[in-house]
Amino acid sequence: ILGGPAVSTPEQRKIFSDSLGEAIDYFVVGEGESILLELMRTYKSYRLNGDPEKEITSPVIVRKEISDLNALPHPTYDEFDLSRYDGGSLFVEWSRGCISSCAYCKGRQLHGRYRMKSARYIVDELEFHYQRFHNNYFIVCDNLLNGNVRELERVCDLLIEKRLPIQWEG
C-alpha cells in the first residue's frame, strides 16, 4: 500500500508500478488514516473467509479529506522505540491543506482546503508527548503553518500559560 504526495498523479504511480510491479496492491490518494484501517479489515476478512465480495479491487483508492482534524487521535508511537531515533525531536502535524490555489503548487490539490486542529488540541498533544516521552522538541511538518494566524497565536498563548518547557519549529 503506497500513499502520500509521491503517488498523487498517474505518472508518479506508473514509476512505482514499473519498478515494483506486483509488490503494490493499492495506491491511496488523499488522506489515508481511515482507508488504511478499512484495507486491513478487508484484507483480514478476505484472507480468513475467502470472501471475494469483500475484496477491494481498484488499485487506486481516492479518499476525501478529513474535515475535523481534532477527530484524529494523538499518535502514541507504541510500536516504536523512540530511543533508536536521533535528534530527540518528534514531528507533529497541526494542519492540512492550503488557503491558496497557486498554479505551481500541489499543496491544495494534494491536501484540499485548509484545516487546522484547535489550539487546545495541539497543546494537549504536545503535553501528551512531553509527559509520555519527556520529549521537549517538536517539528511542525505542516504545508502551511500560518494558515490561521489567530489560532496559531492561541497555541502560543496556551503554551505560555501552561509553561510547558518545550521548543518547536515549523
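Note: the structure precedes this text.
Let me begin by describing the structure that accompanies this report. (Residues numbered from 1 in each chain as written. Predicted model: local features only at pLDDT ≥ 70, side-chain atom pairs only at ≥ 80, totals over all residues. Heavy atoms only, no water.)

Here's the deal with the pairing of strand β7 (residues 137-140)
Defined as follows: A pair of strands is treated as paired once DSSP finds two or more bridges between them. Secondary structure counts use DSSP, requiring at least four H or I residues in a row for a helix and at least two E residues in a row for a strand, with both numbered from the N terminus.
Pairing geometry for strand β4 (residues 89-92) and β7, over four bridges, is parallel. From the neighbouring strand, Val92 faces β7, where its bridge partner is Val140. In terms of strand pairing, β7 meets strand β8 (residues 167-169) through three bridges, oriented parallel. If you follow Ile139 over to β8, its bridge partner there is Glu169.

Describing the pattern of salt bridges
What counts, and what does not: Here, a salt bridge means any side-chain nitrogen of Lys or Arg that lies within 4 Å of a carboxyl oxygen of Asp or Glu. Categorising residues by exposure relies on relative accessible area from a 1.4 Å probe, with only protein chains included: less than 20% of the type maximum marks a residue as buried, more than 50% marks it as exposed, and the intermediate range marks it as partly exposed.
Within the structure shown, the criterion is met by nine salt bridges. A salt bridge links Glu65 to Arg113, with the shortest nitrogen-to-oxygen separation between them at 2.7 Å. With Glu65 in the loop between β3 (60-62) and β4 and Arg113 in the loop between α3 (107-111) and β6 (115-116), the pair connects residues that are 48 residues apart, well separated along the chain. Given a relative accessible area of 37%, Arg113 falls into the partly exposed group. Taking the shortest distance from any N to any O, the salt bridge between Arg96 and Glu93 comes out at 2.9 Å. For Arg96, a relative accessible area of 9% gives the class buried. Within the structure, one salt-bridge network assembled from shared partners comprises Glu31, Glu65, Glu93, Arg96, Arg113 and Arg115.

Describing a nonpolar patch on the surface
Filter applied, for reference: The patch calculation keeps residues exceeding 30% relative accessible area without a salt bridge and links them within 9 Å when they carry like charges or within 5 Å when they are nonpolar (Val, Leu, Ile, Met, Phe, Trp, Tyr). A 1.4 Å probe and the Shrake-Rupley method give the accessible areas. Residues count as covered only by the protein chains that appear here.
Among the surface-exposed residues, Ile1, Leu36 and Met40 lie close enough to one another that they form a single nonpolar patch of about 270 Å² accessible area. Mapping Met40 onto the fold places it in helix α2 (residues 33-49). When its relative accessible area of 41% is taken as the criterion, Met40 is described as partly exposed.

A look at unusual backbone geometry
Unusually for a residue other than glycine, His134 sits at a positive phi of about 60°. We classify His134 as exposed; its relative accessible area is 66%. If you check the backbone angles, Arg163 has positive phi at about 55° while not being a glycine. Among the secondary structure elements, Arg163 is positioned in the loop between α5 (149-162) and β8. Classification of Arg163 as exposed rests on a relative accessible area of 71%.

What about the layout of surface pockets?
Worth spelling out the cut-off: Computed over the protein atoms alone on a 1 Å grid, cavities are sets of points where a 1.4 Å probe fits but cannot get out and pockets are open sets with protein on both sides within 12 Å along at least five of seven lines; a residue lines them when it has an atom within 4 Å of a point. Grid points are joined across faces, edges and corners, and a volume is the space filled by probe spheres set on the points. The residue classification treats Ala, Val, Leu, Ile, Met, Phe, Trp, Tyr, Cys and Pro as nonpolar and Asp, Glu, Lys and Arg as charged. All others, Gly included, are polar.
Size it by volume and the largest pocket reaches roughly 1000 Å³. Contributing to the lining of the largest pocket are 35 residues, with Glu31, Gly32, Glu33, Glu93 and Arg96 lying nearest its centre. Those elements that place two or more of their residues in the lining of the largest pocket are β2 (27-29), α2, β4 and α3. At four residues, α2 tops the list of elements feeding residues into the lining of the largest pocket. Among the residues making up the lining of the largest pocket, the classes are represented as 16 nonpolar, nine polar and 10 charged. Here the second largest pocket is characterised by a volume of approximately 240 Å³.

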